[in-house]
Amino acid sequence: MTAGHGGAAGDAVEHHPRHTLDEVIHSPVRLSVVAALSGVEKADFKTLRDTIELSDPTLSKQLTVLEAAGYVEISKERSGRRARTWVRLTSTGRDALVAHLDALRAIADLRLPPAPSPGT
Amino acid sequence: MSTDDTTARPAPSPAEATSALEHAARLAASTRTRGWRWVRLYLSGWAAASVGLVLALGLGGRIGFVVGMSAWAAIVTAGVTWAARQGSMAAGTRRRLVFGAGSWALVYGATLFVGLDRFAGDVTFWVPAALVSAVPLLLAAWLPAPRDAAATA
């Protein structure tokens, strides 16, 4: 963290929007998972896998991380002889996504300061 | 999880942030569309089957009853099985299905109650009645979803 840095430079560091990026969903794959889940109440493992174009083990690993962070809920349902895994974005996960996307928007809006004019 | 690349990753550039935002919005829209598509198809199919069923019951006599109810049973079984296999559920889907099924049952019940007694075989009653029986399901299917608070919007 940058707490303790004084002065304008310290403030600039402190207020850079990258500090509000969510560390869990800073990973592009995990951002894809929570973004895909944000469009629905719940989705099953296969739908998520096909939408995000991931392998089963990769998606499974990322879901474990997201579940540990409290961002998704995972439940299993029997459908006939098959068990289906459903994934749902929690309110914590949704809040984290909103905050992360706000930070990305702020970064996207960043512009370099205009170049100093000659002679100044 | 001793090593996690997320903490070491540098902040994205403005262009990368824009690209990530667009990608997130695309994924959210994709699952939302997929979640709604099957609900719309399911309710529209149910509406079409309802038109056929009401016409068969009202105009087909005893044979129409047997054929209509048999076809209905097969269609309902296939529809429910198909719906249960869908892999995503848009917000509000349950509410929409309950509204469609409940209002359809009311219209269907009232139609049979009035029509079978007084208008058996009367085309001028059963054709409009069959079309009316589809209206609740089509409304449930096609009324626009309330503006959902999509995080990626």
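Residues numbered from 1 in each chain as written. Chains lettered and ligands numbered in written order. Predicted model: local features only at pLDDT ≥ 70, side-chain atom pairs only at ≥ 80, totals over all residues.

Asks: Can you explain the packing of helix 2 (residues 28-38) of chain A against helix 3 (residues 45-52) of chain A? Please cite residues and give values.
Replies: Packed helices, taken two at a time, are described by the angle between their axes plus the distance between the axes. All names here are of chain A. In contact at an axis separation of 10 Å, helix 2 and helix 3 are set at 120° when each is read in the N-to-C sense. Considering their axes alone, helix 2 and helix 3 lie oblique with respect to each other. Judged by the sense of rotation from one axis to the other, the crossing of helix 2 with helix 3 is right-handed. Contact residues: helix 2 offers Ser32, Val33 and Ala36, while helix 3 offers Leu48, Thr51 and Ile52. The residue makeup of the contact of helix 2 with helix 3, split by class, is four nonpolar, two polar and no charged. (Axes fitted to C-alpha atoms, helices over the stretch in contact; angles between N-to-C directions. Helix = DSSP H or I, 4+ residues; strand = E, 2+ residues; numbered from the N terminus. Parallel < 35°, antiparallel > 145°, perpendicular 65-115°, else oblique. Left-handed = near helix turned anticlockwise from the far one by under 90°. Contact = placed C-beta atoms within 7 Å. Nonpolar A, V, L, I, M, F, W, Y, C, P; charged D, E, K, R; others polar.)

Asks: Which residues make up the interface of chain B and chain A, and what values do they have?
Replies: Quoted interface sizes are often the accessible area lost when the parts come together. At the junction of the two partners, chain B supplies 32 residues and chain A supplies 32 residues. Elements with a minimum of two residues in the side of chain B that touches chain A: helix 1 (5-8), helix 2 (14-59) and strand 1 (88-89) of chain B. For the side of chain B that touches chain A, the leading source of residues is helix 2 of chain B, giving 15 residues. Along the lines of polarity and charge, the residues of the side of chain B that touches chain A split into 17 nonpolar, eleven polar and four charged.

Asks: Lay out the nonpolar core with the relevant residues and their values.
Replies: Side chains of a nonpolar character, in soluble globular proteins, are inclined to be buried together. Counting residues in each nonpolar core, the largest one holds 52 residues, and the members touching the most others are Val34(A), Ala35(A), Ala36(A), Leu37(A), Leu43(B) and Leu137(B). Top element by residues in this core is helix 2 of chain B. It accounts for 16 residues. Leave out the neighbours within four places in its chain, and Leu37(A) touches Ala43(A), Val72(A), Val87(A), Arg88(A) and Leu89(A). (Core = buried A, V, L, I, M, F, W, Y, C linked by C-beta atoms within 7 Å. Buried ≥ 20, exposed ≤ 12 C-beta atoms within 10 Å, placed from the backbone.)

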